[in-house]
Amino acid sequence: MRPRIKHVGYFITFEGVEGCGKTTQIKLLSEFLSTHGMRTVLTREPGGCPIADKIRTILLDAENRALSPLAELMLYAAARAQHVTEIISPALESGEIVLCDRFCDATVAYQSFGRGIDRSIIDTLNDHACHGVSPDLTVLVDCDPRVGLERARRRIELSSGPREERFELEELAFHQRVRAGYLQLATDDSTRFLIINGTDSIDEIFATISTQVLARIPEALRAVC
Ligand code: TMP
């Protein structure tokens, strides 16, 4: 394993199954931290920069159902390598708070617990793609995949953009393995993870997240609060 690089910024990732509400929450948190004078970068995976966004299109296109599990894994790793180099590392080095919607834990949950790829292959690829960067805090918005999938499918129906639904088309058992994977990761690294109940209301969830996250952001980065 590559040694973890110490950065001056603070790296927060959000994780969870489809439709758990993490994207709504990460946007609210980003606005909240910015209005309190903190320098934040909001980004996401797969994607976050033009090259990784092109890889995202391949990964989420429902027409690519023939994508093999190993090819899928390597595309996630390729997108991450580009995103870390271009966006995440420079922001952390310049002392910003980086908020990323999904990161390495998603690869363990989806490609290892979900698809069944050997964990050691995933850890090695993640290790190379991350260039020593790892999250300081991970917010896991936990919810039953039946609830999440229902919300995600409704969102896709209402969306006018590209149909990013390759994973929403997976069977329920796949999403249940992903959820179990996330909960296992959170148990194994309980200092880094904050588990939030994703079935509470948006306001209740945000109240918990904003309080807990603020308490963890280092004093030096907490501008006006
Ligand atoms: P999103 O719907 O949160 O934007 O995430 C895109 C999809 O990509 C989601 O179904 C989870 C999946 N994913 C993986 O399978 N592995 C990964 O490493 C990442 C970052 C996402």
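A quick note: this is a predicted structure, and the numbers were derived from the prediction, not measured.

Draft legend 1. Seen up close, helix H6 (residues 145-158). Between the first and last C-alpha of H6 there are 20 Å, a value that for 14 residues agrees with the 20 Å anticipated at 1.5 Å per step. Within the span of H6, buried status applies to Pro145, Gly148, Leu149, Ala152 and Ile156. Axial view of H6: buried residues confined to an arc of 95°, hence all on one face. With respect to the buried face of H6, the exposed residues turned more than 90 degrees away are Arg146, Glu157 and Leu158. For H6, the side-chain oxygen to backbone nitrogen distance between the N-cap and arginine 146 is 2.9 Å, and the N-cap itself is aspartate 144.

Draft legend 2. Structural context of the layout of surface pockets. Of the pockets and cavities examined, the largest pocket occupies roughly 1100 Å³. Around the largest pocket, the lining is made up of 45 residues, and of these Gly19, Lys22, Thr23, Asp101 and Arg155 lie nearest the centre. The space that makes up the second largest pocket amounts to roughly 540 Å³. Forming the walls of the second largest pocket are 23 residues, and the residues nearest its centre are Met1, Cys104, Ser134, Pro135 and Arg192. Only helix H4 (104-114), helix H5 (119-130) and helix H7 (172-188) provide two or more residues apiece to the lining of the second largest pocket.

Draft legend 3. A look at the packing of aromatic side chains. All told, the structure shown has seven aromatic pairs when counted by the stated rule. Ring centres of tyrosine 76 and phenylalanine 167 lie 6.4 Å apart, and the angle between their planes is 55°; this geometry places the pair in the tilted category. Placement of tyrosine 76 in helix H3 (residues 69-93) and of phenylalanine 167 in the loop between H6 and H7 is noted, with a sequence separation of 91 residues between them. Considering the side-chain rings of tyrosine 110 and phenylalanine 174, the 6.1 Å spacing of their centres and the 55° angle between planes classify their relative orientation as tilted.

Draft legend 4. Just the state of the cysteines, in detail. For the structure shown, the criterion picks out zero disulfides. Unpaired in this structure, cysteine 100 has its nearest cysteine sulfur neighbour in cysteine 104, at a distance of 9.2 Å. With a relative accessible area of 0%, cysteine 100 lands in the buried category. Its sulfur unpaired, cysteine 104 is 3.0 Å from the next cysteine sulfur, which belongs to cysteine 130.

Draft legend 5. The arrangement of the site of the ligand in detail. Close to the ligand lie 14 residues, the nearest being Glu18, Lys22, Tyr76, Arg102 and Thr107. Note that an oxygen atom of the ligand is positioned 2.7 Å from one of the side-chain N or O atoms of glutamate 18. Here an oxygen atom of the ligand sits 2.8 Å away from a polar atom, N or O, in the side chain of tyrosine 76. In isolation the ligand exposes 480 Å². Once the protein is present, 93% of that is buried. Because more than half of its atoms lie within 2 Å of the grid, the ligand is assigned to the largest pocket.

About the thresholds
Residues numbered from 1 in each chain as written. Predicted model: local features only at pLDDT ≥ 70, side-chain atom pairs only at ≥ 80, totals over all residues. Heavy atoms only, no water. Helix = DSSP H or I, 4+ residues; strand = E, 2+ residues; numbered from the N terminus. Expected span 1.5 Å × (residues − 1). Buried < 20%, exposed > 50% of the residue type's maximum accessible area, 1.4 Å probe, protein only. Arc of directions from axis to C-beta. Polar contact = N/O pair within 3.5 Å; in protein donor to acceptor, adjacent residues only side chain to side chain. 1 Å grid on protein atoms, 1.4 Å probe; cavity = no way out; pocket = protein on both sides within 12 Å on 5 of 7 lines; lining within 4 Å. Points joined across faces, edges and corners; volume = space filled by probe spheres on them. Phe/Tyr/Trp six-rings, centres within 6.5 Å; stacked < 30°, edge-to-face > 60°. Disulfide = S-S within 2.5 Å. Near = heavy atom within 4 Å. Areas by Shrake-Rupley, 256 points an atom, 1.4 Å probe, with all protein chains shown as cover. Sits in = over half its atoms within 2 Å of the grid points.

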